[in-house]
Amino acid sequence: MVPGLSYGCPGGGGARGGRPRARSVTRAPRIRAATAADLPSVLALLRAVDLPVDGIGAPLTGFVVADRDGQVVGVAGLEAYGPAGLLRSVAVRPDGRGGGTGRRLVERVLVDARASGMRDVYLLTTTAADYFPRLGFRPIPRSAVPPAVQGSVEFREACPASAVAMHRAVRDLPVPGR
Ligand SMILES: CC(C)(COP(=O)(O)OP(=O)(O)OC[C@H]1O[C@@H](n2cnc3c(N)ncnc32)[C@H](O)[C@@H]1OP(=O)(O)O)[C@@H](O)C(=O)NCCC(=O)NCCS
């Protein structure tokens, strides 16, 4: 929870029977599957935070966005390589950080990965190796990443060799609807 932000019902402030207290209410963004129409906003956000956009195109299959009142304020992507997924492009607009949007985006991608039958999710990062452990990721040697994932654009071209590879098993997650 971030000071100054409220995640309660919009407009629902104040004690029962009293006057609503004057306070600004910022709703948590909605996490939803990305659509082709989100592509320009997604690319703009990734470029603004200096993340690679190589290999990203419509229809943004596997991507989810954080949508606040029709504006994309966050994004995360999942590329499928058989039973392994590659989590990439996790970004939240600077003015929307610290409220759990990054966590919600990644958790949604992990659930989606599990729902589509994946067993493991990998990522490469130069900027957030200290962030992902709180979401269950652990650093691994790059050589331990499955060859199919190592063949991705992100591994081959977009991220420098110094980027940290990380892994999280998703086979333990419940499959939605079962
Ligand atoms: C990483 C990022 C997506 C997190 O988004 P967010 O919505 O702020 O994340 P959450 O609200 O879930 O988590 C916030 C917490 O993570 C920490 N955190 C955020 N970015 C971090 C980073 N790069 N490294 C370590 N910790 C980080 C914050 O300090 C905060 O810690 P606290 O809970 O102890 O106060 C966002 O900072 C971002 O877009 N960064 C730039 C792009 C990037 O580096 N993406 C990752 C590479 S794939």
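Preceding this paragraph is the structure being described.
Summarised in this report is the structure supplied together with it. (Residues numbered from 1 in each chain as written. Predicted model: local features only at pLDDT ≥ 70, side-chain atom pairs only at ≥ 80, totals over all residues.)

**What about the nonpolar core?**
In step 1: In this structure, L87, V109 and Y122 are the most contacted members of the largest nonpolar core, which totals 40 residues.
In step 2: Among the elements that line this core, the one with the most residues is strand β4 (residues 84–92), at six residues.
In step 3: Excluding its chain neighbours within four sequence positions, the residues that come into contact with V109 are V64, A76, L78 and L87. (Core = buried A, V, L, I, M, F, W, Y, C linked by C-beta atoms within 7 Å. Buried ≥ 20, exposed ≤ 12 C-beta atoms within 10 Å, placed from the backbone. Helix = DSSP H or I, 4+ residues; strand = E, 2+ residues; numbered from the N terminus. Contact = placed C-beta atoms within 7 Å.)

**Considering the site of the ligand**
In step 1: Inspection of the region around the ligand gives 17 residues, with R97, G102, R103, T127 and A128 positioned closest.
In step 2: Secondary-structure elements contributing two or more residues to the shell around the ligand are β4 and α2 (101–115).
In step 3: In terms of residue class, the shell around the ligand is made up of seven nonpolar, seven polar and three charged. (Near = placed C-beta within 6 Å. Nonpolar A, V, L, I, M, F, W, Y, C, P; charged D, E, K, R; others polar.)

**Considerations on the sheet that holds strand β6 (residues 138–140)**
Strand pairing in a sheet is mediated by backbone hydrogen bonds. Such pairs are either parallel or antiparallel.
In step 1: The strand order across the open sheet built from seven strands is β1-β2-β3-β4-β5-β7-β6, with neighbouring strands paired in mixed fashion. The open sheet has two edge strands, β1 (30–33) and β6, and neither has a second partner. Neighbour-to-neighbour, the strand axes of this sheet turn through a mean angle of 30°, independent of strand direction.
In step 2: Of the pairings in the sheet, the one linking β1 to strand β2 (residues 63–68) comprises four bridges and is antiparallel in character. In the sheet register, R32 faces β2, and the bridge partner there is V65.
In step 3: Taken strand by strand, α2 contacts β1, β2, β3 (71–81), β4 and β5 (120–125), and its axis lies near 30° from that of β3. (Pairing = 2+ DSSP bridges. Axes fitted to C-alpha atoms, helices over the stretch in contact; angles between N-to-C directions.)

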